[in-house]
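What follows is each chain in one-letter form.
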Amino acid sequence: MQALVIVAHGSHLNPDSSAPTYDHADTVREVGAFDEVRTGFWKEEPSIREVLRTVEADEVYVVPLFISEGYFTEQVIPRELRLDGWDVADWDSDGLSASHVTLTASDVPEKTIHYCGPVGTHAAMTDVLVRRAETVTGDPNVGESFGLAVVGHGTERNENSAKAIEYHADRIRELDRFDEVQALYMDEEPEVDDVTDYFDSEDVVVVPLFIADGFHTQEDIPEDMGLTDDYRTGYDVPAEVDGHRIWYAGAVGTEGLMADVVLERAADAGADIGNSLEVVRERTRKTPQEAN
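Definitions and cut-offs
Residues numbered from 1 in each chain as written. Predicted model: local features only at pLDDT ≥ 70, side-chain atom pairs only at ≥ 80, totals over all residues. Heavy atoms only, no water. 1 Å grid on protein atoms, 1.4 Å probe; cavity = no way out; pocket = protein on both sides within 12 Å on 5 of 7 lines; lining within 4 Å. Points joined across faces, edges and corners; volume = space filled by probe spheres on them. Helix = DSSP H or I, 4+ residues; strand = E, 2+ residues; numbered from the N terminus. Nonpolar A, V, L, I, M, F, W, Y, C, P; charged D, E, K, R; others polar. Pairing = 2+ DSSP bridges. Axes fitted to C-alpha atoms, helices over the stretch in contact; angles between N-to-C directions. Contact = heavy atoms within 4.5 Å. Buried < 20%, exposed > 50% of the residue type's maximum accessible area, 1.4 Å probe, protein only.

- Under an unreviewed UniProt entry, the name given to the protein chain is CbiX/SirB N-terminal domain-containing protein, and the source organism is Haloferax chudinovii.

Here is the structure:
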């Protein structure tokens with residue numbers, strides 16, 4: 001037997017914070033890749049600290065639903081899971097290349113725990129960002145005459161935060177699909193507030209590299225970009241700003257194809273997932289009407 005455990009931040013204040021985690025867990029569960037699929041949260045129940053005790057399988061793959069390597073993936077999650085012998089050096093990462101490490105946990109020493117790197121730095125996340133652009137525009141071929149902005153938080157406290165944004169912006173740029181691709185940030189230059197200054201394209205898709213929609217993606221970014229003076233009144237998609245049409249996509253983590261990245265992480269760590277990747281990609285490509 002093999003189990004998948006998806007761990008995420010969660011929130012005491014935003015009940016929607018955990019929704020993407022549950023959605024992606026349901027998708028993986030439905031395709032039958034694992035005998036068990038569990039979720040655990042830092043700020044909600046079920047907690048990361050207790051989640052391994054709920055698993056029956058002896059082989060457990062833990063995938064962090066986080067954007068970058070840093071405090072949570074390197075300290076909080078290993079501590080809460082009580083991973084024996086954890087050392088971040090075992091990932092041998094440059095801030096983007098963490099893959100997996102196999103350990104045991106003191107609470108459940110009979111189980112083998114494969115602790116994976118975060119979803120946000122996996123190469124497959126590039127495809128999810130592009131899919132997000134397709135979803136918000138309703139065009140599976142979107143790209144020509146469009147600009148694309150990948151938006152991150154940005155912070156001096158964690159240099160890896162910006163690395164993930166730049167990594168995916170570079171990969172999308174190499175696809176030569178969009179006329180322009182730019183990495184933008186909330187808390188450092190170049191800032192998302194000035195999004196129209198960085199594009200010549202009349203149409204610009206803006207995709208925040210965040211796991212869930214919350215205060216930043218639903219309030220700060222729309223107001224900062226000038227989509228609306230007050231997020232509570234809503235805004236158009238696309239919205240006219242300084243002679244550009246801004247197609248604001250919301251958090252990338254809400255895109256159904258994210259389940260693919262979770263599976264990719266587990267497969268890289270040795271999980272036998274059969275043809276689940278192909279099934280997930282086919283299912284998440286369908287419109288809501290087709291899915292029903």
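1. Some points on the layout of surface pockets
Link 1 in the chain: Taken as a whole, the largest pocket encloses approximately 1,200 Å³ of empty space.
Link 2 in the chain: Lining of the largest pocket is provided by 37 residues; of these, H9, F66, F72, H153 and F210 occupy positions nearest its centre.
Link 3 in the chain: Mapped by element, the contributors of at least two residues to the lining of the largest pocket are α3 (71-81), α5 (159-175) and α6 (215-225).
Link 4 in the chain: Per element, the largest residue contribution to the lining of the largest pocket is five residues, and it comes from α3.
Link 5 in the chain: Classifying every residue of the lining of the largest pocket by side-chain character gives 13 nonpolar, 19 polar and five charged.

2. Notes on the sheet that holds strand β9 (residues 239-241)
Link 1 in the chain: Reading across the sheet, the five strands line up as β7-β6-β8-β10-β9 and stay open at both edges, with mixed pairing between neighbours. Each edge of the open sheet is held by one strand with a lone partner, namely β7 (180-185) and β9. Across the sheet, the mean angle separating the axes of adjacent strands is 30° when strand polarity is ignored.
Link 2 in the chain: Direction of pairing for strand β8 (residues 203-208) relative to strand β10 (residues 244-248): parallel, over a ladder of four bridges. Following the sheet pairing, V206 is matched in β10 by Y248.
Link 3 in the chain: Contacts between α5 and the sheet are confined to β6 (146-152) and β7, with β7 contributing the most and set at about 170° to the helix.
Link 4 in the chain: Strands in contact with α6 are β6, β8, β9 and β10; relative to β10, the strand with the most contacts, it is inclined by about 175°.

3. Focus on the environment of A33
Link 1 in the chain: Mapping A33 onto the fold places it in the loop between α1 (19-31) and β2 (36-41).
Link 2 in the chain: A residue is classified by how much of its surface remains accessible, and A33, at 7% relative accessible area, is buried.

4. Regarding the environment of E45
Link 1 in the chain: Assignment of secondary structure puts E45 in the loop between β2 and α2 (48-51).
Link 2 in the chain: You can call E45 exposed: its relative accessible area is 63%.
Link 3 in the chain: Separated by 207 residues in the primary sequence, E45 and V252 have C-alpha atoms spaced 23 Å apart.

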